[in-house]
Structures are given as structure tokens and as C-alpha cells.
Amino acid sequence: MPTTTRTPELIYVVEDEAAIARLIADTLEKFGYRAELFRTAEAFFHGLRHKVPDLVILDLGLPDMDGMAVLQQLRGKHTCGLLVVTGRSDTYDRVMGLEMGADDYVVKPFEPRELIARVRSILRRYPGQVVMPADPAQRVAEFAGWRFEPGSNTLINPAGQQETLSTAEAQLLSVLLAHPNHILTREQLLGGRDVSALDRSIDLRISRLRRRFEENPQHAKLIKTVYGAGYLLASTVTWS
């Protein structure tokens, strides 16, 4: 019987500290991944022009460009997995990274096993680097007087005013709209990522999204909390 050989996933490591970059690359290769190292944002973007990887591990403290700006540019053009590695312990930086579209983050110093667990979790969301686009026939969602255009992350309120959601907010809203009136767990809302009881990233995203819709987010009527279970979008959704 013929055997099938899996092509190892390609991971770009964007890290200016040589020792840390080498540690990450060695760990990835030990667990069967391919790793390419980039010391600067300029070198990283040059590499992207030749090939988009399955996953990017991005340090926020690069010498030639702010890591948040790199994250924003990457998410504006590509849909590969994205793991932020940072020495910044400030919660604000970590939350901002998630809001701008990072799939996860790990704080230095980290255990190699933890890094691999997070890499595996993210790659499950991007199998074979294939990201299913929205059905071309279902470009716009209408719900509770609101209108959402996934292609441009545009949210239009009942009065006709427009605003652009962040990538993280748009992804979260898309999942809720795809399963109206169904309870979704935090893991489901994060695309299958394993979460611990202490991981509050999805709650922060829900809170930010609620403020878009609710006059009183503490008593939400559209995106409801089902205690002990998850969240529910309480509305009929029509796609057109």
C-alpha cells in the first residue's frame, strides 16, 4: 500500500534576538516543522513576496518597525496563522495584538512545549493553508436592523451609519452570524483553539463587540451570555 508523506508546515520566525530565534527554530524543527528566520520587518516582508507560510511567529520588538504595525500589514493582506511572541507583560499590548488579528500570543520567557502546543492549536485553524471564503452568494448579513459586509468588515447600523470593524471583531461577528440563536462555546468562537479557564481573550472581544450594538452592554440583548455555556446571538439573520 502506498504511503503518503506529509509536507511539513512552513513557519516564519520574525525575531531579532539571535538566541531566541534559534531556540524557536530548533524547537519547531524538532517537532517536524520547517522554519525560516527573519531578523527585521523588511526581510520578513521580502520573504512574504516569495512565499506565504502556514504560520508566522512574530516578535513585537523589532528594530526597524513596530510589531503592531507589522501585524496590521500582515493581516491586511494574508490569512496565515499568527502567533505573537513578546517580552511585554502589559495586558494592553496582548489584548491589542488579539484585537488586530493575532490568533494567540506567548510571553517570554516561555517553555518550548508551550510554544509547540500553541503552534499546533493555531495550525488546526488553517489546515493546508486553505481558508474558506464566505459564500459569494452570501456577501451581506442583515440582523436586528443591522447590516454586516464581511468582505470589507463594514458594519452599518439601523440609521445607516457605517464603521469598520477590526479583523478580530469581524471574525467573531462572522462566527456568531453563521450560527444565530445557537449557544457557542468560547472554544468554538476562537475557531477551535483550546482555551484555559483563565484565558479571557474571547470575553474581551465579546465585550468590545457588544459596545458596538448595545446602549447598555452590561444588559446585552443581542449578544447574550449563557452562563456556564458560552454566548448566543439572539436574532434572525438573513444573507443576501
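Residues numbered from 1 in each chain as written. Predicted model: local features only at pLDDT ≥ 70, side-chain atom pairs only at ≥ 80, totals over all residues. Heavy atoms only, no water.

Colleague: Sorry, what's going on with the pattern of salt bridges here?
Modeller: When charged atoms on two side chains of opposite charge get close, those side chains can pair. Throughout the structure, instances matching the rule amount to twelve salt bridges. Of the charged contacts in the structure, one is a salt bridge between glutamate 29 and arginine 22, with a shortest N-O distance of 3.7 Å. Judged by relative accessible area, which is 37%, arginine 22 ranks as partly exposed. For lysine 108, the salt bridge goes to aspartate 59, with nearest N and O atoms at 3.4 Å. Linking lysine 108 in the loop between strand E5 (104–107) and helix H5 (112–123) with aspartate 59 in strand E3 (residues 55–59), this pair joins segments that are 49 residues apart in sequence. (Salt bridge = Lys/Arg side-chain N within 4 Å of Asp/Glu carboxyl O. Buried < 20%, exposed > 50% of the residue type's maximum accessible area, 1.4 Å probe, protein only. Helix = DSSP H or I, 4+ residues; strand = E, 2+ residues; numbered from the N terminus.)

Colleague: Could you clarify how one ought to interpret helix H2 (residues 41–50) in this entry?
Modeller: Side chains three or four residues apart in an α-helix point the same way, a direct result of the helix having 3.6 residues per turn. Among the residues of H2, Ala41, Phe44, Phe45, Gly47 and Leu48 are the ones counted as buried. End-on view of H2: buried residues confined to an arc of 155°, all on one side of the axis. Every exposed residue of H2 that faces more than 90 degrees away from the buried side is listed here: Glu42, Arg49 and His50. Residues of H2 that are buried make contact with strand E1 (10–14), strand E2 (34–38), E3 and helix H3 (67–77). (Arc of directions from axis to C-beta. Contact = heavy atoms within 4.5 Å.)

Colleague: Hey, could you run me through the confidence of the model for the protein chain in this one?
Modeller: Confidence along the protein chain averages 83 in pLDDT terms, with 88% of residues attaining 70 or more. Throughout residues 1–5 the model reports pLDDT below 50, and contacts reaching past four residues in sequence, or to other chains, amount to zero contacts. Here residues 129–138 scores under 50 on pLDDT; set against residues more than four positions off or in separate chains, the count is eight contacts. (pLDDT = per-residue confidence, 0-100.)

Colleague: Where do I start with the nonpolar core in this structure?
Modeller: Generally speaking, a soluble globular protein has its nonpolar side chains buried in company with each other. Ranked by size, the top nonpolar core spans 23 residues in total, and within it Phe143, Leu173, Leu176 and Phe213 carry the most contacts. Elements supplying a minimum of two residues to this core: strand E6 (141–143), strand E7 (146–149), helix H6 (167–178), helix H8 (201–213) and strand E11 (230–233). If one sorts the elements of this core by residue count, H6 sits on top with five residues. Sequence-distant contacts of phenylalanine 143, defined by excluding residues within four places in its chain, comprise Phe148, Leu155, Leu173, Leu177, Phe213, Leu222, Ser235, Thr236 and Val237. (Core = buried A, V, L, I, M, F, W, Y, C linked by side-chain atoms within 4.5 Å.)

Colleague: I keep staring at the sheet that holds strand E12 (residues 237–239) and nothing clicks. Help me out?
Modeller: Working definition: the strands of a sheet are paired by backbone hydrogen bonds and lie parallel or antiparallel to each other. If you trace the five strands from one edge of the open sheet to the other, you get E9-E8-E7-E6-E12, paired in antiparallel fashion. The open sheet has two edge strands, strand E9 (162–164) and E12, and neither has a second partner. Across the sheet, the mean angle from the axis of one strand to that of its neighbour is 20°, orientation sign disregarded. Bridge analysis of E6 against E12 gives three bridges, and the strand direction is antiparallel. Its bridge partner being in E12, glutamate 142 is matched across the sheet by threonine 238. (Pairing = 2+ DSSP bridges. Axes fitted to C-alpha atoms, helices over the stretch in contact; angles between N-to-C directions.)

Colleague: I tried to follow the pairing of strand E4 (residues 81–86) on my own but got confused; where do I start?
Modeller: The side chains of a regular strand alternate, residue by residue, between the two faces of the sheet. When you tally the buried positions in E4, you get six out of six residues, the bulk of the element. Here E4 shows a buried face lined by Gly81, Leu83 and Val85 and a second buried face lined by Leu82, Val84 and Thr86. Summarising the sheet, E3 and E4 pair through five bridges and their orientation is parallel. When the sheet's bridge partners are listed, leucine 58 is paired in E4 with valine 84. Remark: the E3/H3/E4 crossover connection has right-handed handedness. In this structure, E4 lies alongside E5, joined through four bridges in parallel fashion. Within E5, the position partnered with threonine 86 by the bridge is valine 107. (Right-handed = clockwise from strand over helix to strand, strands pointing away.)

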